[in-house]
Amino acid sequence: MKEVKVFAPATVANVACGFDVLGFCLDTIGDEMVVRQVVKKGVVITKCMGYVLPMATEQNVAGVAAQAFVNDFDPELGIEIEIYKYIKPGSGIGSSAASAAGVVVALNELLGKPYNREQLTTFAMKGEAVASKCEHADNLAPAIYGGFTLVKSCHPVKVLEIPTPADLFATIIHPQIEIKTADSRAVLPKKIPLDLAIEQWANLGSLIHALHTSNYDLIADSLNDVVIEPYRSTLIPHYKEVKTAVLHTGALGCGISGSGPSIFALCKGKKMALEIEQKMIDVYIPTGIDFETHVSGINHQGIKILNS
Ligand code: HSE
């Protein structure tokens, strides 16, 4: 195969109580990428459509991730990359992770699958670090593995696949403002009080248990973020109104998607997810701020090869 085209999905990281470790994969929004073998050695980005991003390999998330792969594998031929971005950078739904994960999965397919998913995540983290100034994999892992994932460690990469209850749907509102991950991380405290840490890890443990047991009430009771949300929610216009409206309507929980500004809700059933979408729209229309909404099931497959 000389060329591989992939769908690289958006993802929701943190999922309220799982900062930097928990994430899930969406299936109704994502980028497309093409990687191609060419005679001249090296990694070159030949096209980037949708949003303006650096074309220089060493400044581009996909370029850096691809270079990390190529440095290790050392293929005989060179690599060209085309990026078709549909996920706005700085949206909070894993735009950089889609680029980094998409390119390494596509390269792996192109070159005969030499690496496993942990190794691919390790290469992709190098690209993700270009955007967020630190290596973490909570958006990358759900894009590469699909479903819900828990990143047990980054060095070395260890990822746990968490089961998804059958009726779980996500609703996202994406206010069309950009919050750079690095900026959103900069507002966070370096240390947190022990009582908040205890509450947060109790919620994360119970959320993981609830996902394993399809216990929707416990999911609802666990989707709380007492550590990160107080700092980041101030960066997101009308965050509290959205959260209040969707919880009142019947969402299981609501929180900041990744580093924001997108806000996610988890819902039992598609009907509820669509109702929640309408509530989000009702809050945002009077504000005059442009926004997009998405309703999605949980994508169990992750990145999809489109031309196999
Ligand atoms: N866990 C990351 C954060 C996700 O919240 O900063 C965004 O890259």
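Quantities reported herein were computed from a predicted structural model and do not represent experimental measurements. (Residues numbered from 1 in each chain as written. Predicted model: local features only at pLDDT ≥ 70, side-chain atom pairs only at ≥ 80, totals over all residues. Heavy atoms only, no water.)

### Details of the overall build of the protein
And step 1. Along the protein, the regular secondary structure elements total 10 helices and 11 strands.
And step 2. The C-alpha radius of gyration of the protein comes to 19 Å, within 12% of the 19 Å expected for a compact globule of 308 residues.
And step 3. Over its C-alpha atoms, taken along the principal directions, the protein stretches across nearly 60 × 40 × 35 Å.
And step 4. With 308 residues in all, the protein has 58% of them scored as buried.
And step 5. Put simply, the protein shows about 12800 Å² of open surface, and 54% of that area lies on carbon and sulfur atoms.
And step 6. In the protein, which carries 26 positive and 32 negative side-chain charges, the distance between the mean positions of the two groups comes to 3 Å. (Helix = DSSP H or I, 4+ residues; strand = E, 2+ residues; numbered from the N terminus. Rg over C-alpha atoms; globule rule 2.2 N^0.38 Å. Buried < 20%, exposed > 50% of the residue type's maximum accessible area, 1.4 Å probe, protein only. Areas by Shrake-Rupley, 256 points an atom, 1.4 Å probe, with all protein chains shown as cover. Lys, Arg positive; Asp, Glu negative; His and termini not counted. Charge placed at Lys NZ, Arg CZ, Asp CG, Glu CD.)

### Digging into the domain arrangement of the protein
And step 1. Under the domain assignment, the protein is made up of domain 1 (3-163 + 300-307) and domain 2 (168-297).
And step 2. Counting the surface domain 1 buries against domain 2, the share from its top three residues, A16, C17 and F19, is 22%.
And step 3. Counting the contacts that link domain 1 with domain 2 gives 1 salt bridge.
And step 4. Put simply, D20 and R185 hold a salt bridge, and the shortest N to O gap is 2.7 Å.
And step 5. Counting across the interface, domain 1 meets domain 2 through 9 residue pairs in polar contact (both at pLDDT 80 or more).
And step 6. Listing elements by their share of the side of domain 1 that touches domain 2, those giving two or more residues are strand 1 (3-13), strand 2 (22-38), helix 3 (117-132) and strand 5 (148-154). (Domains from an automatic or database assignment. Buried area = accessible area lost by both parts, 1.4 Å probe. Salt bridge = Lys/Arg side-chain N within 4 Å of Asp/Glu carboxyl O. Polar contact = N/O pair within 3.5 Å; in protein donor to acceptor, adjacent residues only side chain to side chain.)

### Digging into the packing of aromatic side chains
For any pair of aromatic rings, the description consists of the separation of the ring centres together with the inter-plane angle of the planes.
And step 1. Scanning all chains against the criterion turns up 8 aromatic pairs.
And step 2. With a centroid separation of 6.2 Å and an interplanar angle of 75°, the aromatic rings of F24 and F264 are classed as edge-to-face. One end of the pair, F24, is in strand 2; the other, F264, is in strand 9 (residues 263-268), and 240 residues separate them in sequence. With respect to burial, F24 and F264 carry one shared label: buried.
And step 3. Note on F69 and F123: the rings are 5.4 Å apart at their centroids and 50° apart in plane angle, and the pair reads as tilted. Remark: F123 occurs in helix 3 and F69 occurs in helix 1 (residues 61-73); sequence separation between them is 54 residues.
And step 4. Taking the relative accessible area as the measure of exposure, F69 reaches 0% and is therefore buried.
And step 5. Classification of F123 as buried rests on a relative accessible area of 9%.
And step 6. Every member of this aromatic cluster is reached through a ring pair, and the members are F69, F73, Y115 and F123. (Phe/Tyr/Trp six-rings, centres within 6.5 Å; stacked < 30°, edge-to-face > 60°.)

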